[in-house]
Every structure is written in structure tokens, then in C-alpha cells.
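Here is what each chain is made of, one letter per residue.
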Amino acid sequence: MKPIADYTIRTMSRREIDLAVDWAAAEGWNPGLEDAECFYHTDPEGFLVGLVGNEPVATISVVRYGNSFAFLGFYIVKPEWRGKGLGLRIWNAGLERLAERTVGLDGVVAQQKNYRKSGFALAYRNIRFMGAAAENAESYPGIVPLTEIPFATLHAYDRPFFPADRSAFLQCWTSRTGSKAFGALHDGALAGYGLIRPCRSGFKIGPLFADNPDVAEALFKTLIGSVPAGSPIFLDIPEVNPEALQLTQRHGMKVVFETARMYKGEAPDLPVERIYGVTTFELG
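Keep in mind the model is a prediction, meaning the values are calculated, not measured.

A short note on the overall build of the protein
Part 1: Helix and strand counts for the protein stand at eight helices and 13 strands.
Part 2: Taken over C-alpha atoms, the radius of gyration comes to 19 Å for the protein, in line with the 19 Å a tight globule of 284 residues would show.
Part 3: Projecting the C-alpha coordinates of the protein onto the three principal axes gives extents of approximately 65 × 35 × 30 Å.
Part 4: For the protein, with 284 residues in total, the buried portion stands at 53%.
Part 5: For the protein, the proportion of contacts with a sequence separation of at least 24, taken over those separated by at least 6, is 74%.
Part 6: Just so you have it, the protein exposes about 12,500 Å², and 52% of that area is on carbon and sulfur atoms.
Part 7: Between the averaged position of the 29 positive side-chain charges in the protein and that of its 32 negative side-chain charges there is a distance of 8 Å.

Here's what the structure looks like:
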């Protein structure tokens, strides 16, 4: 295959991240309406675009957290430019920026074999479930709007669920005007929290972290009761958490998508038994 001579790769502008989100929507990934701002805020240098001349034809995100971890996403080549080696070139350019780091990703089924060739190994599957929001007049003891929780408390609770500090992302993620977020207090301590945000289709929950199934259930019902009844809702769960699977079954949710959570380097030891909803497939 003859290389395309005028193919260049550079860091995306903030505006170009909106284009990457649009491409993700076209692939059926259903991004959130306000995702781009928080993604960019987390690592402004972490998004690459490949151009033929002045035309964007490929994207990838290689978002860095701290000095030792990164998460890869938005690996997309415009359909009419596929099969020309452009994806591999931006892939390699992205990985070059992440040397010496552990790198995570959520790989779609079609690409998992290629990811293994680059040194990524399967940790577990993440499964996307779809259901419908229901009226919920019930209130639960200890469930409060997340705005009532000091950020330092939220950050400390969130920290074990991610391989590196993500305070910049978390502060942005939990302050979007279109999202609804709640925390669960038990004996004055935070025992879980969850967030639901508007997406191209319906609403997506993420994250949903909880110390036990009862807290997860109360947060889930509060979240789906905070959006219009009948709206499509989506929840991405680690398949290795059986209690999360049971939650989706109790609420009649159906599988619509799956990814492989894969890592290049040592896989982090996360408390998956307390992860009832993945934050985002794009940034981890």
C-alpha cells in the first residue's frame, strides 16, 4: 500500500473535539451532549487528528492522568478513508505519547484483536444496557444532591475507582448544567454516588459507584427518577460485578453494546465489586 504523502497528524483544537464526538455519535456510541468540554479540560494535549491536506480523516484520544496512567479512546477513521493505513499511523502516534505509562481502553469487538497485537490484554468486559426511565416518587434516606457533598469528600471517595488522580476531570464532570448527580450518605460518610447526563439518545448513567447493592439500587432509582419518564436510559457495567448484572435484570434492561476493558502494562486493581456504572468508555 502506497502511503498518502500529505497525511499529517497534530493536536486537536477544542473545536475539533466536537467533530470527534460527532463521529463517535455516527458510530453509534451515543456520547453525552456536554462531554467534549470535560474531555478537553482533562488533557488539552490529549487529542490527535489526522488530516489529508486540510480534511480531518482520523482521530484518537490519548488522555494522560498524572505521570503513570493514560486512557485511549475516540479511535476513528472516517469511513471513506479506511483501509489506507491512516488509522495505524495515528494509533502509533498516539501510543508514542504514552510511553512508559499503563494505558487503558474500552475496545469494540471488531478491534480487540488489533489491540492485542499492540500489547493490550483483556481485563474484563463492559456491557451497555438500555432501559427506560420510570416515575419515582420514593425518596431514600441519605440520598442528597451531589452539590451538598464537599468536593474534597467526593474526590477522596472516587480515588480508589480510578488508577490515577482525576480531580480536574471529576470537578468538570460533576458540574455540567445538564447532568443530575446524587450522593449517598451513611452515618455521615459518603457510601456511593452517581450521575446521569443527557446524550444524543436519552440519558446515560456514569459513574455509579456504591459500597453495597442497596446503595446502588437507591442511587439508580433516584437517577432514573430525575429525568423524564419513558426516556431511554443507558448503563455501562463491568460484567465481573454480578450485583450490577442483577440490578439491570431487576429493571428489565437489555444488552445493546459491549466493549473489552483492556490494559497495556500492569492492569490496575480496581474495586469492581463496587462499580455499578462505568464513568465513560472514552476516558475511563
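Some details on the domain arrangement of the protein
Part 1: On domain assignment, one finds that the protein holds domain 1 (7-124) and domain 2 (128-258 + 265-277).
Part 2: One C-alpha centre belongs to domain 1, the other to domain 2, and the line joining them spans 25 Å.
Part 3: Facing the 21 residues of domain 1 at the interface are 29 residues of domain 2.
Part 4: Between domain 1 and domain 2, roughly 2,200 Å² of surface is buried when both sides are summed, and carbon and sulfur atoms account for 62% of that area.

Let's talk about the state of the cysteines
Part 1: Counted by the stated rule, this structure contains one disulfide.
Part 2: Disulfide pairing is shown between C38 and C172; the S-S distance is 2.2 Å. Here the S-S torsion is close to -85°, and the disulfide linking C38 with C172 is therefore left-handed. Here C172 lies in helix 6 (residues 167-173) and C38 lies in helix 2 (residues 35-42), a separation of 134 residues in the sequence.
Part 3: Judged by its relative accessible area of 0%, C38 is buried.
Part 4: With a relative accessible area of 6%, C172 lands in the buried category.
Part 5: With no disulfide of its own, C199 lies 13 Å from the sulfur of C38, the closest cysteine sulfur.
Part 6: For C199, a relative accessible area of 6% puts it in the buried group.

Observations concerning the pattern of salt bridges
Part 1: Within the structure shown, the criterion is met by 17 salt bridges.
Part 2: Linking R64 and D43 is a salt bridge whose minimum nitrogen-to-oxygen distance equals 3.0 Å. With R64 in strand 3 (residues 55-65) and D43 in the loop between helix 2 and strand 2 (47-52), this pair connects stretches of sequence that are 21 residues apart.
Part 3: In this structure D43 comes out as buried when scored by relative accessible area, which is 7%.
Part 4: A salt bridge links R250 to E217; its shortest N-O distance comes to 2.6 Å. Here R250 is found in helix 8 (residues 242-250), whereas its partner E217 is found in helix 7 (residues 213-224), with 33 residues between them in sequence.
Part 5: Look at the salt bridges and you will find they share partners, linking R14, D18 and E37 into a network.

Things to note about empty space enclosed by the protein
Part 1: A complete count under the given rule lists two cavities of 30 Å³ or more for this structure.
Part 2: Each pocket or cavity is described by its volume, and for the largest cavity that value is around 120 Å³.
Part 3: As for the largest cavity, its lining consists of 15 residues, of which F161, R261, L270, I275 and G284 are closest to the centre.
Part 4: Taken together, the elements giving at least two residues each to the lining of the largest cavity come down to strand 4 (69-77) and strand 12 (254-264).
Part 5: Per-domain counts for the lining of the largest cavity show at least three residues from each of domain 1 (7-124) and domain 2 (128-258 + 265-277).
Part 6: By volume, the second largest cavity is sized at about 50 Å³.
Part 7: Lining the second largest cavity we find G32, L33, E34, D35, C38, W173, R176, S179, R197 and P198.
Part 8: Those elements that place two or more of their residues in the lining of the second largest cavity are helix 2 and strand 9 (189-198).
Part 9: Structurally, the lining of the second largest cavity is a two-domain feature, drawing no fewer than three residues from each of domain 1 (7-124) and domain 2 (128-258 + 265-277).

Describing the environment of E55
Part 1: Relative to the assigned elements, E55 resides in strand 3.
Part 2: Along the sequence, E55 and G66 sit 11 residues apart, while their C-alpha atoms lie 32 Å from each other.
Part 3: Residues in contact with E55, not counting those within four places in the same chain, are G50, K78, E80 and W81.
Part 4: Engagement of the side chain of E55 in a polar contact is seen with the side chain of W81, the distance being 3.3 Å.

What counts and how
- Per-chain numbering applies: the sequence of each chain, read as written, is numbered from 1 onward.
- Two thresholds apply to this predicted model, a pLDDT of at least 70 for residue-level local features and 80 or more for giving and counting side-chain atom pairs, whereas whole-chain, interface and lining totals are computed over all residues.
- Excluding hydrogens and water, the side-chain figures rest on all heavy atoms present in the structure.
- Helix and strand definitions here come from DSSP, where helices need a minimum of 4 consecutive H or I residues and strands a minimum of 2 consecutive E residues; each element is numbered from the N-terminal end.
- For a compact globule the rule gives 2.2 Å times the number of residues to the power 0.38, and the radius of gyration it is set against comes from C-alpha atoms.
- Burial here depends on accessible area, computed with a 1.4 Å probe over protein chains only, as a share of the maximum for the residue type. Under 20% is buried, over 50% is exposed, and the range in between is partly exposed.
- Residue contacts are counted whenever heavy atoms from the two residues lie within 4.5 Å of one another.
- Under the convention used here, a 1.4 Å probe and the Shrake-Rupley method define accessible areas, while residue burial counts only the protein chains that appear.
- In this count, Lys and Arg are taken as positive residues and Asp and Glu as negative ones, while His and the chain termini are left out.
- Where a charge sits is defined by one atom per residue type, namely NZ (Lys), CZ (Arg), CG (Asp) or CD (Glu).
- These domain boundaries are the output of an automatic or database domain assignment.
- Simply put, the buried area is the total loss of 1.4 Å probe accessible area from both parts when two parts are fitted together.
- Two cysteine sulfurs form what is called a disulfide whenever their separation falls within 2.5 Å.
- The salt bridge criterion pairs a side-chain nitrogen of Lys or Arg with a carboxyl oxygen of Asp or Glu, the two atoms within 4 Å.
- Only protein atoms enter the calculation, which uses a 1 Å grid: trapped sets of points that fit a 1.4 Å probe without letting it out are cavities, open sets showing protein on both sides within 12 Å along at least five of seven lines are pockets, and any residue with an atom within 4 Å of a point is a lining residue.
- Grid points are joined across faces, edges and corners, and a volume is the space filled by probe spheres set on the points.
- Counting of polar contacts relies on pairs of N or O atoms within 3.5 Å, with two restrictions inside protein: one atom must be capable of donating a hydrogen and the other of accepting it, and residues adjacent in sequence are counted only when both atoms are side-chain atoms.

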